Amino acid sequence: MGRRLFVGSLSFSVNEDKLRDFFSQVGTVNSVKIITDRYTHEPRGFGFVDMSTEEEAQDAISQLNGQPLDGQPVVVNEAREKKITGGIGGTKRRFVQSGGKGSDRRKSGHRGGSFGGGRRNRF
């Protein structure tokens, strides 16, 4: 059993201070992190809480799982370590715009090579 807990089904109005106060009723909270979307910075509805001891983490699971926070019952479980694997899921894709400023293939008569019809293979 670890001291780090996964907290799911969070209301979008819950901030880190509210989550810290919620878990402080069962023990000492070392850290709180609510996960946000990387582009919009909006909360994604889950987060992580690090308790000071394993006993307090177990108490938090047994006492707070299913309890309402801001009107919505939360899910409290032991956090699992994420396994990172290589392969297709780990690759980054870059999207680039073909043609430069003022470039219009329809006007120039360019057909786009062997792909036909002026279409390019875009991934």
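Calculation rules
- Residues numbered from 1 in each chain as written.
- Predicted model: local features only at pLDDT ≥ 70, side-chain atom pairs only at ≥ 80, totals over all residues.
- Heavy atoms only, no water.
- Pairing = 2+ DSSP bridges.
- Helix = DSSP H or I, 4+ residues; strand = E, 2+ residues; numbered from the N terminus.
- Axes fitted to C-alpha atoms, helices over the stretch in contact; angles between N-to-C directions.
- Contact = heavy atoms within 4.5 Å.
- Buried < 20%, exposed > 50% of the residue type's maximum accessible area, 1.4 Å probe, protein only.
- Arc of directions from axis to C-beta.

Caption draft 1: Structural context of the pairing of strand 2 (residues 29-36). Note that strand 2 and strand 3 (residues 43-51) share six bridges and pair antiparallel. When the sheet's bridge partners are listed, Val29 is paired in strand 3 with Met51. Linkage of strand 2 to strand 3, two consecutive antiparallel strands, is achieved through a turn of six residues, within which His41 is found at a positive phi near 60°.

Caption draft 2: A look at the sheet that holds strand 6 (residues 75-78). Across the sheet, which stays open at both edges, the four strands sit in the order 2-3-1-6 with antiparallel pairing between neighbours. The outermost strands of the open sheet, each flanked by one partner alone, are strand 2 and strand 6. Ignoring strand direction, the axes of neighbouring strands in this sheet form an average angle of 25°. Taken together, the four bridges between strand 1 (residues 4-8) and strand 3 define a ladder with antiparallel strand orientation. What sits directly across from Phe6, in strand 3, is Phe48. Each of strand 1, strand 2, strand 3 and strand 6 is contacted by helix 1 (residues 16-24), which is oriented at about 140° to strand 2, the strand it contacts most. Helix-sheet contacts for helix 2 (residues 54-64) involve strand 1, strand 3 and strand 6, and the interaxial angle to strand 6 is about 150°.

Caption draft 3: Looking closely at the environment of Lys33. For Lys33, the position within the fold is in strand 2. On the basis of relative accessible area, Lys33 is assigned to the partly exposed category, the value being 47%. Note: C-alpha distance between Lys33 and Val49 (16 residues apart in sequence) is 6.5 Å. With residues near it in sequence (within four places) discarded, Lys33 still touches Glu16, Gly47 and Phe48.

Caption draft 4: Local environment of helix 1. Three or more residues of helix 1 are buried, namely Leu19, Phe22 and Phe23. Relative to the axis of helix 1, the buried residues are bounded by an arc of 90° and lie together on one face. The exposed residues of helix 1 that point more than 90 degrees off its buried face are Asp17 and Asp21. Where the residues of helix 1 are buried, they touch strand 1, strand 2, strand 3, helix 2, strand 4 (68-69) and strand 6.

Caption draft 5: Examining the environment of Val7 more closely. Here Val7 lies in strand 1. The spatial distance from the C-alpha of Val7 to the C-alpha of Val76 is 4.7 Å, given a sequence separation of 69 residues. Setting aside anything within four residues of it in sequence, one finds Val7 in contact with Leu19, Phe23, Gly45, Phe46, Gly47, Val49, Val74 and Val75.

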